[in-house]
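Observations on the model geometry
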Amino acid sequence: FFCRRKFRKCIMGKDIVAGGRAVGHKHRTAPKSENVYIRLLVKLYEFLARRTNSGFNKTVLKRLMMSRTNRPPMGLGRVRRYMQDRTDKIAVIVGTVTDDARLDGHSFPALRVCALHVTEAARKRILDHGGEIMTFDQLALTSPKGANTIILRGRKTARVANRYFGKVYGENKARPHVRSKGRTFEKARGRRNSRAYKC
């Protein structure tokens, strides 16, 4: 739409949906991984997400495409804690399930776990206690809409790299990058009470 006023041409703005146009932080539409099994699972869950009205399938598809950092591993101790009163349901983890040696000597329920990868020790513990381990293609046959499932994920902030994020001083107390942990490396004023103050 053009208008001429005082010999000046002006163009109307474009109508956009309330909230503005989406910029940045878009989730992936295809996996970066070249792993053929992940790519086959993405094909399967793309179909399920499109043909069913299940939010579960959309969530699994989105997580299958995530980077390794955004698919953190989950220990069996945490899986056991979250599934304590839900042993009739399937625990779904789009990532790796690892063993927890602190569970030795403690009771462990018979869990049904579906994950991308289960470590050898975790697999042994689950199966020894009468549990079951499923793959995502088996889950698609058992529960195509995600019925009787609990979708879990590990802690993203558990990475060692996260300890260094933020300011070294103040409330956050991020870990500083130092060459060594000796007495003469960043242990003077401000780092211990005997040297003026400690923050």
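In the block above lies the structure referred to throughout.
1. Points about the environment of Asp-128
Within the secondary structure, Asp-128 is located in helix α4 (residues 120–128). Looking at Asp-128, the relative accessible area reads 52%, which means it is exposed. The spacing of Asp-128 and Thr-142 is 14 residues in sequence and 23 Å in space, taken between C-alpha atoms.

2. Details of the nonpolar core
Of all hydrophobic cores here, the largest spans 19 residues; its most connected members are Tyr-45, Val-60, Leu-64, Val-92, Cys-114, Phe-136 and Leu-139. With six residues, helix α1 (residues 36–51) is the single largest residue contributor to this core. Every residue in contact with Leu-64, bar those within four places of it in the chain, is listed here: Pro-31, Ile-38, Leu-41, Val-42, Tyr-45, Arg-71, Val-94 and Leu-116.

3. A few points about unusual backbone geometry
With a phi angle near 55 degrees, Asn-148 is a residue other than glycine that sits in the positive phi range. Relative to the elements of secondary structure, Asn-148 occurs in the loop between α5 (136–142) and β7 (149–152). If you check the backbone angles, Glu-186 has positive phi at about 50 degrees while not being a glycine. Summarising the element assignment, Glu-186 is placed in the segment after β7.

4. Things to note about the pattern of salt bridges
Scanning the model with the defined rule gives six salt bridges in all. Note that Glu-132 and Arg-112 form a salt bridge whose closest N and O atoms lie 3.2 Å from each other. With a gap of 20 residues between them, Glu-132 in strand β6 (residues 132–134) and Arg-112 in strand β5 (residues 112–118) connect regions that are remote in the sequence. Ionic pairing is found between Asp-128 and Lys-124, a salt bridge with its closest N-O pair at 2.9 Å. Within this pair, Asp-128 and its partner Lys-124 are both found in helix α4, separated by four residues, close to a single helical turn.

What counts, and at which threshold
- Residues numbered from 1 in each chain as written.
- Predicted model: local features only at pLDDT ≥ 70, side-chain atom pairs only at ≥ 80, totals over all residues.
- Heavy atoms only, no water.
- Helix = DSSP H or I, 4+ residues; strand = E, 2+ residues; numbered from the N terminus.
- Buried < 20%, exposed > 50% of the residue type's maximum accessible area, 1.4 Å probe, protein only.
- Core = buried A, V, L, I, M, F, W, Y, C linked by side-chain atoms within 4.5 Å.
- Contact = heavy atoms within 4.5 Å.
- Salt bridge = Lys/Arg side-chain N within 4 Å of Asp/Glu carboxyl O.

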